[in-house]
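Secondary and tertiary structure notes
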Amino acid sequence: MAQFTFTNNTYAGEALAGFMASTLLEADSVKRGLLTVINDVKSRKVILDVDDDVVLQDPSGLFNDQGTTAQQTESYLDPVVYEFMKQEQWDKLAQAWEAQSLKPGAFMDYEGVVDLSDFMVQRYLTKIQIANERLYWLGKSATKEASFTASFNGLLPTISAASGVYKVGLGKPATSMSASAISASGVVTVSSTATLSDGDVVSITGVTGTIKDTTNGGSGIDVQGQSYFIQVASATTFKLVRNYNEINTRKPATFSGSASAATVSYINASNVLDVLTGVYAQLDPADRSQEDFNLQIPLHVGYAYAQAQANKAVNVLNAFSDSKKMDYLGLPLQLMNHWQANTILGARSSNLFLGVDLLGDASELSTVYMKPYTNDDVVRMKARMKAAVNFKFANELFYLSA
């Protein structure tokens with residue numbers, strides 16, 4: 001287990017045993033066993049990939065090799081070290097967090113006892129877990145919490161760019177439409193919104209124009225490749241309400257510039273059954289039949305599937321009140337939190353890897369009360385983590401995206 005350093009014993013409470021393991025390994029998909037975790041990854045780790053065919057031959061008294069050549073390739077886990085650093089003002093901490101445990105009428109600003117493990121868990125643990133979950137799957141560029149310099153591609157971008165992966169797009173009439181304009185207020189003009197509903201999530205590609213998403217300020221980011229919750233405005237227009245990546249902050253989407261053309265792709269209640277039918281038919285039976293195979297879908301696709309089930313349940317009592325089973329023709333669907341919109345991944349957990357180093361010096365948590373050293377009444381906390389992700393067999397992955 002990672003070692004935790006407390007440089008001042010003013011604070012009581014247990015050492016934060018397990019904190020680093022919790023932040024790195026209790027991300028949602030890891031807890032559900034959707035990734036294979038490899039510990040003690042201190043530097044580049046080679047994952048050997050070996051594959052071959054089987055030839056059934058005539059019986060022979062002499063050994064007769066089948067004559068095929070085993071294909072040997074390598075994939076790698078290149079660990080990245082990154083940190084979380086936070087400074088808290090002591091008197092604010094005492095009043096806001098420890099007031100209930102102090103004696104009535106005495107805030108004991110400089111003598112109070114802070115249970116650091118509870119403080120860290122309550123205030124930061126869940127947020128770090130979510131950030132790591134997004135980092136593992138989406139990569140640094142799509143994880144706004146990640147500001148470190150090193151490259152971290154994430155599983156979905158790596159799979160999307162890899163050759164050999166069975167890839168399917170959403171460019172069919174039932175799952176995409178052409179937009180003739182996107183205004184600076186986020187209003188999209190299409191030929192018809194008949195198949196769209198409020199709350200659907202659309203992905204925008206093929207953008208022509210100067211439009212930028214300015215939700216987080218500055219000059220903004222390209223709308224190309226972004227996904228949005230929508231509100232239908234008319235028979236031919238809908239509004240981009242919130243960037244799907246802002247689902248936790250709930251910030252309304254804002255834009256600058258405009259677009260003269262774009263492609264809008266979506267999976268919603270109107271087409272989700274057809275999408276899943278097509279996905280199911282294209283999965284490799286040899287992979288689909290394995291116990292560790294998972295079909296992973298974002299939350300909004302799960303909601304669409306539940307709605308479609310209710311819509312199809314004609315004259316069924318409680319069709320719109322009972323919870324819906326998340327599987328398709330006996331194949332369980334894994335609902336993925338903090339994931340990429342309009343994306344479906346079929347993969348075995350033994351083919352997706354997360355490398356960590358819980359025993360190394362690069363995984364630690366330290367806390368310092370600065371008053372004895374600098375006379376500043378602040379607490380500084382620093383957590384250092386190390387992780388890497390990759391897959392092994394590209395030809396055993398199914399990937400659907402916009």
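Structure first, text after, so check above.
Every chain is numbered independently, its residues counted from 1 as its sequence is written. Owing to the predicted nature of the model, reporting of local features is limited to residues with pLDDT of at least 70; listing and counting of side-chain atom pairs is limited to 80 or more, with chain, interface and lining totals taken over all residues. Each side-chain value is derived from all of the structure's non-hydrogen atoms; neither hydrogens nor water enter the calculation.

**Side note on the pairing of strand β18 (residues 331-336)**
Note the threshold: Two strands pair under a simple rule: DSSP has to find at least two bridges between them. By the criteria applied, helices consist of DSSP H or I runs no shorter than four residues and strands consist of E runs no shorter than two, each listed in order from the N terminus.
Inspection of the sheet shows strand β16 (residues 293-298) paired to β18 by four bridges, in the parallel sense. For I297, the partnering residue across the bridge sits in β18 and is L335. Two strands pair when backbone bridges link them, and strand β17 (residues 327-328) and β18 are joined in this way by two bridges, in the antiparallel orientation. In the sheet register, D327 faces β18, and the bridge partner there is P332. Hairpin connection of β17 to β18: two residues between the antiparallel strands, including L329 at a positive phi of 50 degrees.

**A few points about the packing of helix α6 (residues 272-282) against helix α8 (residues 299-312)**
Each pair of packed helices can be summarised by the angle the axes make with each other and by the distance between the axes. Applied cut-off: All axes here are fitted lines through C-alpha atoms, helices being fitted over the stretch that makes contact, and every angle between N-to-C directions spans 0 to 180 degrees. By definition in this entry, angles of less than 35 degrees are roughly parallel, angles greater than 145 are roughly antiparallel, angles of 65 to 115 are roughly perpendicular, and the rest are oblique. We call two residues contacting when some pair of their heavy atoms lies within 4.5 Å. Three categories are distinguished: nonpolar for Ala, Val, Leu, Ile, Met, Phe, Trp, Tyr, Cys and Pro, charged for Asp, Glu, Lys and Arg, and polar for the others, with Gly belonging to the last.
Where α6 contacts α8, the axes come no closer than 9 Å and their chain directions differ by 110 degrees. As far as their axial angle goes, α8 and α6 are roughly perpendicular. Residues V272, L273 and L276 of α6 pack against V301, A304, Y305, A308 and K312 of α8. Residue composition of the contact of α6 with α8, grouped by class: seven nonpolar, no polar and one charged.

**A word on the sheet that holds strand β15 (residues 259-266)**
Strand order in the closed barrel formed by six strands is β7-β8-β13-β12-β9-β15, with antiparallel pairing between adjacent strands. The average angle at which neighbouring strand axes cross in this sheet is 45 degrees, direction not considered. In the sheet, strand β8 (residues 187-190) pairs with strand β13 (residues 237-243) via three bridges, with the strands oriented antiparallel. For V188, the partnering residue across the bridge sits in β13 and is F238.

**Some remarks on the environment of Q87**
Here is the rule we go by: By the criterion applied in these results, polar contacts are pairs of N or O atoms within 3.5 Å in which, for protein atoms, one can donate a hydrogen and the other can accept it, and in which residues neighboring in sequence qualify only through two side-chain atoms.
In this fold, Q87 is placed in strand β5 (residues 80-89). Distance in space between the C-alpha atoms of Q87 and V368 is 9.5 Å, their sequence separation being 281 residues. Not counting chain neighbours up to four residues away, the residues in contact with Q87 comprise V378, V379 and R380. A polar atom in the side chain of Q87 sits 2.7 Å from the side chain of R380.

**Examining the pattern of salt bridges**
Opposite charge on two side chains makes pairing possible when the charged atoms of those side chains draw close. Selection criterion: Counted as salt bridges are all cases of a side-chain nitrogen of Lys or Arg within 4 Å of a carboxyl oxygen of Asp or Glu. Buried residues are those whose accessible area, probed at 1.4 Å on protein chains only, stays under 20% of the maximum for their type, while exposed residues exceed 50% and partly exposed ones sit between those limits.
Applying the stated criterion to the full structure yields 12 salt bridges. D357 serves as the salt-bridge partner of K42, at 3.4 Å between the closest nitrogen and oxygen. Of this pair, K42 sits in the loop between β2 (36-38) and β3 (45-51) while D357 sits in the loop between β20 (352-356) and β21 (364-369), and the two are 315 residues apart along the sequence. Given a relative accessible area of 46%, K42 falls into the partly exposed group.

**Notes on α8**
Defined as follows: Multiply 1.5 Å by the residue count of a helix minus one, and that product is the helix's expected span.
Its 14 residues give α8 an end-to-end C-alpha distance of 20 Å, which sits within 8% of 20 Å, the value for a rise of 1.5 Å per residue. Within α8, the full set of buried residues consists of L299, H300, V301, G302, A304, Y305, A308 and A310. Of the surrounding elements, those touching the buried residues of α8 are β9 (201-209), α6, β16, β17 and β18.

**Brief notes about the environment of S349**
Mapping S349 onto the fold places it in the loop between β19 (344-348) and β20. Sequence separation of S349 and T36 is 313 residues, and the distance between their C-alpha atoms is 5.8 Å. Non-local contacts of S349, meaning those with residues more than four positions away in its chain, are made with G33, L34, L35, T36, D292 and N294.

**Here we look at the packing of aromatic side chains**
Here is the rule: Ring pairs shown here join Phe, Tyr and Trp side chains whose ring centres sit within 6.5 Å, with only the six-membered ring taken for Trp; geometry is labelled stacked below 30 degrees between planes, edge-to-face above 60, and tilted in between.
Applying the stated criterion to the full structure yields seven aromatic pairs. Ring plane angle 35 degrees and centroid distance 5.5 Å describe the contact between F229 and Y244, whose orientation is recorded as tilted. Here Y244 lies in the loop between β13 and β14 (255-256) and F229 lies in strand β12 (residues 227-232), a separation of 15 residues in the sequence. The same class applies to F229 as to Y244, namely buried. Ring centres 5.9 Å apart and planes at 65 degrees place the aromatic pair Y280 and Y328 in the edge-to-face group. On the criterion of sequence distance, the pair formed by Y280 in helix α6 and Y328 in strand β17 is long-range, its members being 48 residues apart. In this structure Y328 comes out as buried when scored by relative accessible area, which is 12%.

**Observations regarding the nonpolar core**
Note the following rule: Buried Ala, Val, Leu, Ile, Met, Phe, Trp, Tyr and Cys residues that are joined via side-chain atoms within 4.5 Å together make up what is termed a nonpolar core.
Of all hydrophobic cores here, the largest spans 40 residues; its most connected members are Y136, W137, L345 and L352. Among the elements that take part in this core, strand β22 (residues 378-391) stands out by supplying seven residues, more than any other. Look past the residues within four positions of L345 in its chain and what remains in contact with it is W137, L156, I159, N294, L295, Q296, W339, L352, F398 and Y399. Listed in part, the 22 residues of the second largest apolar core include L283, A304, M326 and I344.

Everything listed here is a matter of coordinates, which is why it stays silent on function.
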